[in-house]
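# A look at the structure
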Amino acid sequence: MKIELLQPVYVPEENAVRSLKAFADSEFNGLESNIEVSVKKNRFIVDLEGDDAEVCANLLYKEFGKPVLKSEIESDVEYKGFIQKIEPDQLTVNIGFEVIVVASSLEQLGAGSAGQIAARFGMIPYLPVTVSILPDGSAVFTKTQIDLWWTWKKTATDRIFVNGATRSQVKAALQKKGHGRDVYGVEKLGLTECVIVCKEKTDGPGIVSSVGRILPVQMGVLLGMKK
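What comes next concerns the included structure. (Residues numbered from 1 in each chain as written. Predicted model: local features only at pLDDT ≥ 70, side-chain atom pairs only at ≥ 80, totals over all residues. Heavy atoms only, no water.)

### A look at the packing of aromatic side chains
Centre-to-centre distance and the angle between the planes together describe a pair of aromatic rings. Worth spelling out the cut-off: For this analysis, a ring pair means two rings from Phe, Tyr or Trp (six-membered ring only for Trp) whose centres lie within 6.5 Å, classed as stacked if their planes differ by under 30 degrees, edge-to-face if by over 60, and tilted for the remaining angles. Burial classification: accessible surface area is computed with a 1.4 Å probe over protein chains only, and a residue below 20% of its type maximum counts as buried, one above 50% as exposed, and the rest as partly exposed.
In this structure the tally under the stated criterion is six aromatic pairs. Considering the side-chain rings of Trp152 and Phe161, the 5.4 Å spacing of their centres and the 50° angle between planes classify their relative orientation as tilted. Each member of the pair, Trp152 as well as Phe161, carries the same accessibility label: buried.

### So, the nonpolar core
For clarity, the cut-off: Here the nonpolar core consists of buried residues drawn from Ala, Val, Leu, Ile, Met, Phe, Trp, Tyr and Cys, with membership extended through side-chain atoms lying within 4.5 Å. Runs of E in the DSSP output that reach at least two residues are strands. Runs of H or I that reach at least four are helices, and both are numbered from the N terminus. For this analysis, residues touch if any pair of their heavy atoms sits within 4.5 Å.
Val93, Ile95, Met123, Val131, Phe141 and Trp149 are the most contacted members of the largest nonpolar core, which totals 29 residues. For this core, the secondary-structure elements that each account for two or more residues are strand S4 (79–86), strand S5 (90–94), strand S6 (98–102), helix H3 (114–120), strand S7 (128–133), strand S8 (139–141) and helix H4 (143–153). Among residues more than four places away in sequence, those in contact with Phe141 are Leu91, Val93, Val101, Leu106, Val129, Thr130, Val131, Ile146 and Trp149. Membership of the second largest hydrophobic core comes to 22 residues, among which are Val11, Val17, Ala24 and Phe28.

### Regarding helix H5 (residues 167–176)
Stated precisely, the cut-off is as follows: Think of it as the arc spanned by the lines of direction from the helix axis to the C-beta atoms.
Those residues of H5 lying buried are Val170, Ala173 and Leu174. Taken around the axis of H5, the buried residues stretch over an arc of 100°, which confines them to a single face. Set apart from the buried face of H5 by more than 90 degrees, the exposed residues are Ser168, Gln175 and Lys176. Of the surrounding elements, those touching the buried residues of H5 are strand S9 (159–163), strand S10 (183–188), strand S11 (193–198) and helix H6 (204–211). Just past H5, the residue Gly178 takes up positive phi, approximately 75°.

### A closer look at the sheet that holds strand S2 (residues 34–40)
In any sheet, the strands associate via hydrogen bonds between backbone groups, in a parallel or an antiparallel arrangement. Applicable threshold: In this scheme, strands are said to pair when DSSP sees at least two bridges between them. Helix axes are fitted only over the stretch in contact, all axes being lines through C-alpha atoms; the angle between N-to-C directions runs from 0 to 180 degrees.
Strand order in this open sheet of three strands is S1-S3-S2, and the pairing throughout is antiparallel. The strands lining the two open edges of the sheet, one partner per strand, are strand S1 (2–8) and S2. Neighbour to neighbour, the strand axes of the sheet diverge by 25° on average, direction disregarded. Examined bridge by bridge, S2 and strand S3 (residues 43–49) share seven bridges and lie antiparallel to one another. What sits directly across from Ser38, in S3, is Ile45.

### A short note on the environment of Ile207
Counting through the fold element by element, Ile207 comes out in helix H6. What makes Ile207 buried here is its relative accessible area of 3%. Spatially, the C-alpha atoms of Ile207 and Arg159 are 10 Å apart, while their sequence positions differ by 48 residues. When near neighbours in sequence (up to four residues on either side) are disregarded, Ile207 contacts Ile160, Leu174, His179, Asp182, Thr202 and Gly212.

### Here we look at unusual backbone geometry
Phi at Lys41 takes a positive value of approximately 50°, unusual for a residue other than glycine. Looking at the element boundaries, Lys41 is found in the loop between S2 and S3. The phi torsion at Asn42 lies on the positive side, around 65°, for a residue other than glycine.

### A short note on the layout of surface pockets
Formally: Residues are called lining when one of their atoms sits within 4 Å of a cavity or pocket point, these points coming from a 1 Å grid over the protein atoms alone, where a cavity is a set in which a 1.4 Å probe fits but cannot get out and a pocket is an open set with protein on both sides within 12 Å along at least five of seven lines. Grid points are joined across faces, edges and corners, and a volume is the space filled by probe spheres set on the points. Amino acid classes used here: Ala, Val, Leu, Ile, Met, Phe, Trp, Tyr, Cys and Pro are nonpolar; Asp, Glu, Lys and Arg are charged; the rest, including Gly, are polar.
Approximately 380 Å³ is the volume attributed to the largest pocket. Lining the largest pocket are 20 residues, and of these Ser19, Thr166, Arg167, Gln169 and Leu191 sit closest to its centre. For the lining of the largest pocket, the secondary-structure elements that each account for two or more residues are helix H1 (13–27), H5 and S11. Ranked by residue count, the leading element in the lining of the largest pocket is H1, at four residues. Tallied by class, the residues present in the lining of the largest pocket amount to eight nonpolar, eight polar and four charged. As a volume, the second largest pocket reaches approximately 200 Å³. In this structure, the second largest pocket is lined by Lys80, Leu127, Pro128, Val129, Thr130, Thr144, Gln145, Leu148, Trp149, Trp152, Phe161 and Leu189. Of all elements in the fold, only S7 and H4 reach the threshold of two or more residues within the lining of the second largest pocket. Here the lining of the second largest pocket gets five residues from one element, more than from any other, and that element is H4. Considered class by class, the residues forming the lining of the second largest pocket number eight nonpolar, three polar and one charged.

Given below as structure tokens:
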């Protein structure tokens, strides 16, 4: 069976394929399935064969999302997506096709333009999010997503979103620059998306400035409410 994943490919194709295969080798251990991975239009195309192919497909969909069509949209359904563009007056999220999150729907995240709110919460392109679709076709972030951002915001720690590198690459960069003791850890958000959880006295922007010199990828900082 052949499936397409929502996970965007925006790093060198060879690196992306290698990362997905490494994930599959780990997660499919003990399952009867052969996997072939290719990239088409910046998305993974996965060929699965074997008795457990369907099980493996569902595991991949759960982890990396399944693109949806406009004709498949249902109300009151949460859809996994990735932020595509951040503009002053709106955000664009890709759920299989592009949907617009307008500034007026971001009031739960505070005052300001869409761009200002995005910066305040560390949003950057390719950050994984969940949205629901309104009858007019526009999108809103789900309550689960809004609550998660506020949960992070209300802690005493900064969080640094890093898109374009694997968790192991980010951890290696932190160690190389001597920041191993400055963070609690690196949490995986997607295949090449993760978040650095800083310790209470660690300055997130300072980590970005330091690590960015050897890890030239997209980073966004969500400043915690320092005690």
